[in-house]
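# A structural walkthrough
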Amino acid sequence: MRANRYDLVIIGAGILGLAHAYHAARQGLKVAVIDRDAQANGASVRNFGFVTVTGQQRGDFHSLTRRTRDIWAEIAPQAGIVIHHHGLLVSAQRPEAMAVLQSLMMTEMGEGCTLMDAEAVRAHYPQLTPTQLEGGLWSPHEVRVDSRSAIHQLTRWLEAAHQVDFHWSTSVHGVQTGHVATSRGAFNADHVIVCPGDDLATLYREVFQRHEVTRCKLHMMRLADPGFTLPGAVMSDLSLVRYLGYAERPEAAALKSRLEREQGEHLKQGVHLIVVQNADGSLVVGDTHHYGDTPDPFAPSAYDDLVLEEFENVFGRPAPAVLERWTGTYASSPKQQFFIETVEERVQLVVVTCGAGASSGFGIAERSLDQLLGHTQAPLSAQAE
Ligand SMILES: Cc1cc2nc3c(=O)[nH]c(=O)nc-3n(C[C@H](O)[C@H](O)[C@H](O)COP(=O)(O)OP(=O)(O)OC[C@H]3O[C@@H](n4cnc5c(N)ncnc54)[C@H](O)[C@@H]3O)c2cc1C
């Protein structure tokens, strides 16, 4: 049997694999995406779909998220993907949280954002009626898609408009330069990109080990329509000691000390609050963070209750009924936000090692392809035949 032949084979149909497919197809390459599942089912369909810019780590990563946000905004209408929100409201419940937001506003990361006192937050955002409120920050930079449908729409659009071939239910068990071995036979490819998400064991285990990658498990919920429309995504004080753009501000240390005293259990279970809204009014709310190479499959409701408690703190009303619960996992490393590594000649392993692949994937994939192809312009299949 003649092997399938492509300019570029991508392993993994999550957002990082799709982002590579998008950039490569636009350069005229013949692209295939291989995934072991019958449809994307990993972190990319389980997340908030929250493309976060403000609060991401200052410098390179922040720039990559801006670039990614621009690409989402450009392709969403073409792919039929609805952008549900523009922007982010960070509610500051404590003076120490306001100090972090003020500090961020003094840097280039505050560009375009608005800092508000409590009175202004209450006036502009009547959805929030908390007892404890110092002020807040509005960022216009974010977009939000419903990943559960958006990833499938993106896949269909790449197939129909960019002639990307998808090979589902096909497990890759070995890669060598020019050759991909799968459960459904061999593929020949001039170049290979490996985007296996948090599968740390099947391919290039030693590279994952060197980058100190483990897995992070998160609890997520969908809540009933609260009867109001969110202005954008909403976050709170707990996020300011987790997202590095805030957490690396010197003022975050005082906030962390106070949170340790007042919300120690939330910090212990890695709880912070993100709230986004779907077209039907329901809210997607999370999350928790627990780490391990094989996180257990159990989801104690006590951890969900901590998330719902924070919802009540921020909105000043009890959380609506829980309609759905699920967990997800992503690759996580204390060493870096992502890595692009040449693992063999013309084979690159690309992994986002923080919980921000939807926010950074298009930017990372663009850089990764530039690196892999060396800015090659002509379709490579012509050279390879
Ligand atoms: C609950 C949750 C909430 C999150 N919220 C956000 C958010 O709002 N914003 C944000 O920016 N990020 C968020 N993240 C992080 C983000 O979802 C991830 O960083 C991103 O989805 C990773 O994309 P990926 O394509 O690398 O991995 P995945 O989506 O996990 O895809 C990897 C794919 O590779 C396939 N695969 C692996 N190995 C093989 C093999 N050997 N053969 C064949 N196929 C293989 C898998 O089947 C899978 O489909 C969240 C993550 C979770 C879990």
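Quick look at the structure, then. In this convention, every chain numbers its residues from 1, walking through the sequence in written order. At least 70 in pLDDT is required for a residue's local features to be given in this predicted model, at least 80 for side-chain atom pairs to be given and counted, and no such filter applies to totals for whole chains, interfaces and linings, which use all residues. Side-chain metrics in this entry use all non-hydrogen atoms of the structure; hydrogen atoms and water are not considered.

The next subject is the overall build of the chain. Helix and strand counts for the chain come out as 13 helices and 18 strands. The C-alpha atoms of the chain give a radius of gyration of 21 Å, which matches the 21 Å a tight globule of 385 residues would have. Considering only C-alpha atoms, the chain reaches an extent of 70 × 40 × 40 Å along its principal axes. In this scheme, a residue with accessible area under 20% of its type's maximum is buried, one over 50% is exposed, and one in between is partly exposed, where area comes from a 1.4 Å probe on protein chains only. Taking all 385 residues of the chain together, 59% fall into the buried category. Nonlocal contacts in the chain, meaning residues at least 24 apart in sequence, comprise 76% of its contacts between residues at least 6 apart. Of the roughly 15300 Å² of accessible surface on the chain, a fraction of 48% belongs to carbon and sulfur atoms. Charged residues are defined here as Lys and Arg on the positive side and Asp and Glu on the negative side; His and the ends of the chain fall outside this count. Every charge is mapped onto a representative atom, which is NZ of Lys, CZ of Arg, CG of Asp or CD of Glu. Here the chain contributes 32 positively and 44 negatively charged side chains, and the mean placements of these two sets differ by 2 Å. Numbering goes from the N terminus for both helices and strands, where a helix is a DSSP run of H or I of at least four residues and a strand is a run of E of at least two. Note on method: radius of gyration uses C-alpha positions; expected globular size equals 2.2 Å times residues raised to 0.38. Residue contacts are defined here by distance: any two heavy atoms, one from each residue, within 4.5 Å place the two residues in contact. Areas reported as accessible are Shrake-Rupley estimates using a 1.4 Å probe. Residue values count occlusion only from the protein chains shown.

The subject of this paragraph is the packing of helix α3 (residues 60-79) against helix α12 (residues 357-373). Comment: axis = line fitted to C-alpha atoms, over the contacting stretch for helices; angle = value between 0 and 180 degrees taken between N-to-C directions. Where α3 contacts α12, the two axes come as close as 6 Å, and the packing angle between them is 95°. It follows from the interaxial angle that α3 and α12 lie roughly perpendicular. Residue-level contacts link Asp60, Phe61, Leu64, Thr65, Arg67, Thr68, Ile71, Trp72 and Ile75 of α3 to Ala358, Ser359, Ser360, Gly361, Phe362, Gly363, Ile364, Glu366 and Arg367 of α12. Here the residues of the contact of α3 with α12 sort into eight nonpolar, six polar and four charged. Here the word oblique covers every angle except those under 35 degrees (roughly parallel), over 145 (roughly antiparallel) and from 65 to 115 (roughly perpendicular). Here the term charged refers only to Asp, Glu, Lys and Arg, the term nonpolar to Ala, Val, Leu, Ile, Met, Phe, Trp, Tyr, Cys and Pro, and the term polar to all other amino acids, Gly among them.

By secondary structure assignment, the location of Gln209 is in helix α7 (residues 205-210). Residue class for Gln209 comes out partly exposed when judged on its relative accessible area of 48%. As a C-alpha pair, Gln209 and Ser333 span 124 residues in sequence and 9.9 Å in three-dimensional space.

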